[in-house]
Amino acid sequence: MNCPECDGNMKIPDDASVGEIVSCPDCGADFEIASKNGGVCELKHAEKVGEDWGE
Amino acid sequence: MPKVRIVFDRIRLEEKMLEEKSNELGHDTKMIDAKITQVNTESKKNDFDFGDVVLERCVSYFRGLHFTACLEFLDIPVLNKFEVANNCGNKMITSLLLKKHNVPTPKTFFSFSPETALEILEKEGYPLVIKPIIGSWGRGVILLKDRDTADAIIEVRELSDGPLDRIYYLQEAIKRPPRDIRAIVVGDQVIAAMYRTSSSGGFKTNIALGGEPVLCEITKELEDICIKASKAVGGGILGVDVMEDEKRGLVVHEVNNTVEFKGLAKVAKRNIPKEMIDYAVSLAVR
């Protein structure tokens, strides 16, 4: 599928799950897989690392 | 068949490993995205599919903590409990509980204004380690070696003026080998431990910063102190961080609530996700 940011070609692995983060190899933007229907994924911008992130 | 639910906000390798192991063990397993889940004061347990037990695995501490509160409101067994998450998420509360329960821990100073933080530093002498009371992966953990560094860090805190910046947490810098120990406690057992060494030669050893995992033998001393630390914060599935003080022996400086284990899983003898799932299932209410 194409990157929502730069229209570059993004290859999303078949075993990627909803909630996983994928990056565009062209522009480096990070996206979260919001939903998956067969081979079709819906992407949304990934959240930035927050102050309270971690263990 | 027990129903295991894993609550996430971002899927890391750990969440994938837990899901895979739970499925492999034959449990009815589902992943639940906290970001798209809604709860209200009229909600009932049966409105959701939270299963028999939930592993709360959000990477955002506050999101996970508040989600846990909702789960407990719905009478869903959750690991870790709200109280435990709260105790571990705030380093000041953790330090107070460790000391209160006689777990050896570094001497730690608390103050509530920049002036008193500087007073402590001048009185105790440099270096001391300043840590944000909420936060992880070693971020904002700074060795204050002298007055100039302290002034700079305190000024930055005053400028950013976050509500938690008003709490000053200053800890003695432990004289130790250039490594620390991360142990994973599941229930009343230490299931794995590793040494973490600094990747850059600095004093931070977090795996998130590139620290290399090396398997650590679980001695009786290590086991005892980790179990005691786990009990001090309320128990569950926890990551206990231990330093080897040259004079006092082992000291616990942190207990982590949503323990990351991808580094340790590479070298551990026991299967970490399996231990976690087995423990969760043992607490499931059906």
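Located above this text is the structure these notes cover.
Residues numbered from 1 in each chain as written. Chains lettered and ligands numbered in written order. Predicted model: local features only at pLDDT ≥ 70, side-chain atom pairs only at ≥ 80, totals over all residues.

(A) Structural context of the overall build of chain B. When helices and strands are counted, chain B shows nine helices and 13 strands. Over its C-alpha trace chain B gives a radius of gyration of 20 Å, about what one expects of a compact globule, namely 19 Å for 286 residues. Counting only C-alpha atoms and orienting by the principal axes, one finds that chain B spans roughly 60 × 45 × 35 Å. Going through the 286 residues of chain B one by one, you find that 43% of them count as buried. (Helix = DSSP H or I, 4+ residues; strand = E, 2+ residues; numbered from the N terminus. Rg over C-alpha atoms; globule rule 2.2 N^0.38 Å. Buried ≥ 20, exposed ≤ 12 C-beta atoms within 10 Å, placed from the backbone.)

(B) Highlighting helix 6 (residues 147–160) of chain B. All names here are of chain B. Taking 1.5 Å of rise per residue, the 14 residues of helix 6 would be expected to cover 20 Å, and the 20 Å separating its terminal C-alpha atoms lies within 8% of that figure. Listed in full, the buried residues belonging to helix 6 are A150, I154 and R157. Buried residues of helix 6 fall within an arc of 55° about the axis and therefore sit on the same side. Seen from the buried face of helix 6, the exposed residues on the opposite side, beyond 90 degrees, are D148, A152, E155, V156, L159 and S160. Tucked into the core, helix 6 has its buried residues touching helix 5 (114–124) and strand 7 (142–144). Positive backbone phi, at 50°, marks D161, one or two positions downstream of helix 6. (Expected span 1.5 Å × (residues − 1). Arc of directions from axis to C-beta. Contact = placed C-beta atoms within 7 Å.)

(C) Broad picture of helix 2 (residues 61–73) of chain B. Residues and elements named next belong to chain B. Spanning 13 residues, helix 2 covers 18 Å between terminal C-alpha atoms, matching the ideal 18 Å at 1.5 Å per step. The inward-facing, buried residues of helix 2 contact strand 1 (3–8), strand 3 (53–56), strand 4 (78–79) and helix 3 (82–89). Following helix 2 by one or two positions, D75 has its phi on the positive side, about 60°.

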